[in-house]
Amino acid sequence: MPFEIELINKNARENPAEFAQECELAYNKRVQDAAKQLAERMTDSRIAFLSGPSSAGKTTTAKKICTELKKYSIHAHTMSMDNYFLTLDPETSPRTPDGDYDRESPGIVDVALLSEHTKKLERGEEIMKPYFDFKTQSRDMSKAVAIKLNPGEILIFEGIHALNSALTGENPNSLKIYISTGSDVTKDGVSFFKRHWKRLMRRIVRDEQYRGTNALETLTMWPNVRRGEELYISPFKQNADITVDSSMPYEISVLKPLALKAFATVPKGVDPSGELAALLPALREFEEISTEVVPQDSILREFIGGGMYKY
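The structure presented is a predicted model; accordingly, all values stated were derived computationally and were not measured.

### Side note on the sheet that holds strand β10 (residues 185–187)
And step 1. Read across the open sheet, the three strands follow the order β1-β10-β11; overall the sheet is mixed. Single-partner strands in this sheet number two, and they are β1 (3–4) and β11 (190–193).
And step 2. With two bridges connecting them, β1 and β10 associate as parallel partners. What sits directly across from F3, in β10, is V185.

Written out as structure tokens, the structure is:
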């Protein structure tokens, strides 16, 4: 459902701490509902898949679901599907229309190994979880780790392609979860701040602070990220048993000063994503909220840092 900017700004001015708490409670309720359904489906499958576009908050959501499952005496593991990326190959790796490597394509995933491992895990057999080194863009099996599901344990696979039937079709009984920022912000009843702008802000703030990628580089990559979402993620969201909206009304106010600082490093007149001309004027209309009110277990901590989870 959409959020109204006038109400956001009113709450940001009058009681930001209480506003943040209300937003977090609403999001946590969505996580709790997902965990409950997963617990109820455990007899059908001990494998679950969680998917969503870039910066939707997949990793934190998966971790929070694991915490909730403890209430049902279920121990849950999480695993990134990135571990199953194939070593980059100039001859076989998929490419974008521009000739660059297409790092958004499901063609970079080792489907055969993923299928083999999910079947073994369902049977309670041990696997060697592969390790993908992003620096070398190659698999390093010297860092593989043994994993086995014991009775009362489940595994949540998390990744942008986790609902793609070409990758997960052999697990029809697995619970499938889709997460994204599903709410626009409106002004006078009209869409004012697009939902995918929240994800762009999250990614720019995170990448600049923790991944050594400046705002210009992220903006340059963004069109291809969005292209990949339209081709490889959105068509499969109907496969989800559960959809979780990870957006919160107060988050833009929290991200605003951090995002504006990052955007200020982009040379004037340069807008490789085509987003800034509309995003920046809208962003400036939000009241700011200090990061101090953001709980340590918040999904926002995945992007601004200072949280309780390791990424």
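### Re empty space enclosed by the protein
Rolled over the atoms, a probe sized like a water molecule indicates the empty space that remains.
And step 1. If you walk through the whole model with that rule in mind, you get one cavity of 30 Å³ or more.
And step 2. By volume, the largest cavity is sized at about 30 Å³.
And step 3. Along the walls of the largest cavity sit M81, D82, F85, V109, G159, I160 and H161, which together make up its complete lining.
And step 4. Considered class by class, the residues forming the lining of the largest cavity number four nonpolar, two polar and one charged.

### Description of the packing of helix α6 (residues 195–210) against helix α9 (residues 276–283)
And step 1. Closest axis-to-axis distance for the α6/α9 pair is 12 Å, and the angle between their directions is 90 degrees. One way to sum up the angle between α6 and α9 is to call them roughly perpendicular. Here W197, L200 and M201 of α6 come into contact with α9, specifically with A278, L279, A282 and L283.
And step 2. Residues that form the contact of α6 with α9 fall into these classes: seven nonpolar, no polar and no charged.

Reading the values: rules and limits
Residues numbered from 1 in each chain as written. Predicted model: local features only at pLDDT ≥ 70, side-chain atom pairs only at ≥ 80, totals over all residues. Heavy atoms only, no water. Pairing = 2+ DSSP bridges. Helix = DSSP H or I, 4+ residues; strand = E, 2+ residues; numbered from the N terminus. 1 Å grid on protein atoms, 1.4 Å probe; cavity = no way out; pocket = protein on both sides within 12 Å on 5 of 7 lines; lining within 4 Å. Points joined across faces, edges and corners; volume = space filled by probe spheres on them. Nonpolar A, V, L, I, M, F, W, Y, C, P; charged D, E, K, R; others polar. Axes fitted to C-alpha atoms, helices over the stretch in contact; angles between N-to-C directions. Parallel < 35°, antiparallel > 145°, perpendicular 65-115°, else oblique. Contact = heavy atoms within 4.5 Å.

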